[in-house]
Amino acid sequence: MKRASLSVLGGVVGILFFLPLLWVVTNSLRPGSETFANLNPLSWQTFLELRPTLTNYSALLNSAIGRATLNSIVVSAATVVIGLAICATAAFGLAAFQFRGRGLVFGIVVLSFLVPFDAIAIPLSTMFRDWHLTNTFAGLVLPGIGNGMAIFLLRQFFLGIPAELVEAARLDGLGWFGVFRWIYLPLSKPALIGAGLMLFLFQWQAYVWPLLIGTDAKHILGPVALSNLQGQNFTDYGLVFAGAVVLTVIPLVVIAGFQRYFVQSVSSTGLK
Amino acid sequence: MKQRQGLIALAFLAPALVCLAVLRIVPAISAVVESFYTESLLRGGRVFAGLGNYTDLLSNKDFRQSIGVTLLFTVLVNPIQVAVSFLLAVLFTQRAAGAKLWRTLVILPIATPPAVSAVIWSVIYRPDGLANGVLERLGLPAQPFLTSPSQVLPSLIVLLSWIGVGYWMLFLIAGIQEVPEEVREAALLDGAGPWRRMVSVVLPLVRRPLAFVLVADTVSNLLVFAPVQILTKGGPNGNSNLLMYDVYSRAYAIGDIHVAQAEVVILVALTLAIVAGQFRLLRGDQ
């Protein structure tokens, strides 16, 4: 009896959280002119479409949002690849060597993620303007690649790799880059995936920075393009909702694919 | 040998250190430095202004209102989100049919970028949108939501909680699952009721993740920007003009970059002060 009421309560909460997304998906499958037609009065048709159409999605392909979504994918992918290379080498430098000033360097890494990025986005954007990086992909990618949190996460994982393994490899004549490439990286897949997810989500979810630095048609990112469309007088809400679905489903697929690592990286940042 | 190790380590660290210095630390320092300067047409170029930008801000009515709105928002949103995340974490760690599925539905909005969520909720909150549709179905009168000075902050809090609660809940679920089964069973055998068990057994054992969630949630809520920019532009009458949006409009709409830098410094200082206060409180009652 108690179990049953708990699962009913859980179900009510779950469905309440899900309703807005369901409404968005449903309306992305019907013409924009009908978005508000099913709201008064509310009925099951508000949340279900029996004759779904994909016209909004095909219209999306040739719209500004389609292009912007592609830009988001390019920028996020570049951030993950470059960012992982930079963060993993740095974490290796911090974990594998004993040297003077290591504490100081580690302190800088921690300090850098204690200053929230959005707070310094405006001063940084005036610097980028001076360096002619506005409306360039480099300008959009750069702030994402040096991620103190990702370095921290990778370092924690690297510290667990036994020193004997490294010594043996060194005696066999492996260089330090070889140790990094052939011992540390292959052993650290979960941490690398966790850090990669972190870099990806930072970039995919960004709004302040792309709004400040990349707003021309060639460089605009998905969320900025979507909010521009919403601000217009005659908005096609079918298109807006289809764009919202695409911008949500892409990270959802990535998170779901790496679910195990996502929860791991989330819980390890929380508990340490 | 040690010195050689240091050089090799530095080679591995160099790209990241350059990035962190140039993209995180230099702009933070530059905000502080620039906040003491001002643009002078008379003398051509930038001149030292001392605390001029700060006194300008403090005597500015809109800025003072923005501080007030931000503090009110902070006091409301953080306890609500932490409490709801905790209750949901407790609910979804009970053994009950479908718990995994319901939990997933709560987590789902994490995937939606905040700006996209704001766009979705801008349609929900329209006078003819989903929210009023639901109210009318329940026989309640339609509400103005974003255009009402008293409803605008609660409306933003609902939207931000829809985005955030599932995320914070993940940390607390991880924490609760670390609580040994024996401890919970022992409490059960001692005849502790469900409420008692939650408050006296689970709550003290998840202190660390709870403290982390409170601090991290507070920081992220002090930086809320997209929903304000997309839904309300700080209105009506400045009632949702949170500091982060005020900084942005001061820098770009008003175009006073030096005063905006001073405001960034105040925002970061306020964040640090609140977080430091929370740390003291959390340590104080341990």
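Residues numbered from 1 in each chain as written. Chains lettered and ligands numbered in written order. Predicted model: local features only at pLDDT ≥ 70, side-chain atom pairs only at ≥ 80, totals over all residues. Heavy atoms only, no water.

### Notes on the UniProt feature "domain: ABC transmembrane type-1" (unreviewed entry) in chain B
Thought 1: Per the UniProt record, "domain: ABC transmembrane type-1" (unreviewed entry) is annotated on residues 67-276 of chain B.
Thought 2: A distance of 18 Å separates the end C-alpha atoms of residues 67-276 of chain B, which is 74% helix and 0% strand. (UniProt positions renumbered as here; feature names shortened; annotations may be inferred. Helix = DSSP H or I, 4+ residues; strand = E, 2+ residues; numbered from the N terminus.)

### Considerations on the packing of aromatic side chains
Any pair of aromatic rings gets described here by the distance separating the centres and the angle formed by the planes.
Residue and element names in this part refer to chain A.
Thought 1: Summed over all chains, the structure comprises 33 aromatic pairs over all chains.
Thought 2: Here the aromatic rings of W23 and F241 are separated by 5.4 Å at their centres, their planes lie at 65°, and the arrangement is edge-to-face. Highlighted residues: W23 in helix α1 (residues 2-28) and F241 in helix α14 (residues 237-257), separated in sequence by 218 residues. Each member of the pair, W23 as well as F241, carries the same accessibility label: buried.
Thought 3: Plain terms: the ring middles of F177 and F180 are 5.9 Å apart, the flat faces sit at 55° to each other, and that makes the pair tilted. Taken together, the residues span about one helical turn, with F177 and F180 both in helix α10 (residues 176-187) at a distance of three residues. (Phe/Tyr/Trp six-rings, centres within 6.5 Å; stacked < 30°, edge-to-face > 60°. Buried < 20%, exposed > 50% of the residue type's maximum accessible area, 1.4 Å probe, protein only.)

### A look at the pattern of salt bridges
All names here are of chain B.
Thought 1: For the coordinates displayed, the defined rule picks out four salt bridges over all chains.
Thought 2: The partner of R46 in a salt bridge is E34, and the shortest N-O contact between them spans 3.5 Å. Here R46 is found in strand β2 (residues 45-48), whereas its partner E34 is found in helix α1 (residues 2-34), with 12 residues between them in sequence.
Thought 3: For R46, a relative accessible area of 41% corresponds to the partly exposed category.
Thought 4: The salt bridge partner of E263 is R250, with a shortest N-O separation of 2.7 Å. Of this pair, E263 sits in helix α13 (residues 257-284) while R250 sits in helix α12 (residues 243-252); the two residues are 13 residues apart in sequence, bridging distant segments of the chain.
Thought 5: Through salt bridges with shared partners, a single ionic network connects D246, R250 and E263. (Salt bridge = Lys/Arg side-chain N within 4 Å of Asp/Glu carboxyl O.)

### Notes on the nonpolar core
Thought 1: Within the largest apolar cluster, 175 residues are counted, with the highest numbers of intra-cluster contacts made by F92(A), I151(A), L154(A), Y184(A), L88(B) and F92(B).
Thought 2: When residues in this core are grouped by element, the largest group, 16 residues, is from helix α7 (residues 152-178) of chain B.
Thought 3: A domain split of this core shows at least three residues from each of domain 1 (1-34) and domain 2 (62-284) of chain B.
Thought 4: Residues within four places of L88(B) in sequence aside, it is in contact with V13(A), F17(A), V106(B), V165(B) and M169(B). (Core = buried A, V, L, I, M, F, W, Y, C linked by side-chain atoms within 4.5 Å. Domains from an automatic or database assignment. Contact = heavy atoms within 4.5 Å.)

### With respect to the interface of chain A and chain B
Thought 1: With 86 residues of chain A at the contact, the number on the chain B side is 81 residues.
Thought 2: Summed over both partners, the interface of chain A with chain B buries about 7,300 Å², with 79% contributed by carbon and sulfur atoms.
Thought 3: Our count for the contact surface shared by chain A and chain B stands at zero salt bridges.
Thought 4: Where chain A packs against chain B, one counts eight residue pairs in polar contact (both at pLDDT 80 or more). (Buried area = accessible area lost by both parts, 1.4 Å probe. Polar contact = N/O pair within 3.5 Å; in protein donor to acceptor, adjacent residues only side chain to side chain.)

### Some remarks on the side chain of Q278(B)
Thought 1: Turning to its location among the elements, Q278(B) is positioned in helix α13.
Thought 2: Contact partners of Q278(B), with chain neighbours within four places excluded, come to L214(B), V215(B) and T218(B).

### Side note on the UniProt feature "transmembrane region" (unreviewed entry) in chain A
All names here are of chain A.
Thought 1: UniProt's feature table lists "transmembrane region" (unreviewed entry) at residues 7-26, 73-97, 104-125, 137-158, 179-202 and 237-258, given in the numbering used throughout.
Thought 2: Helix makes up 100% of residues 7-26 and strand 0%. Its end C-alpha atoms lie 26 Å apart.
Thought 3: Strand forms 0% of residues 137-158 and helix 91%; the C-alpha atoms that close the span are 32 Å apart.

### Here we look at the UniProt feature "transmembrane region" (unreviewed entry) in chain B
Residues and elements named next belong to chain B.
Thought 1: Look at the UniProt record and you will see "transmembrane region" (unreviewed entry) annotated at residues 67-92, 104-124, 152-174, 210-231 and 251-276.
Thought 2: Secondary structure across residues 152-174 comprises 100% helix and 0% strand; the distance between its end C-alpha atoms is 33 Å.
Thought 3: The distance separating the terminal C-alpha atoms of residues 251-276 is 28 Å; by composition the span is 85% helix and 0% strand.

### Here we look at the environment of V90(B)
All names here are of chain B.
Thought 1: Of note, V90 is situated in helix α3 (residues 61-92).
Thought 2: Assessed through its relative accessible area of 12%, V90 is described here as buried.
Thought 3: C-alpha of V90 to C-alpha of A16: the two residues are 74 residues apart in sequence and 40 Å apart in space.
Thought 4: Setting aside chain neighbours within four positions, we find V90 in contact with I176 and M198.

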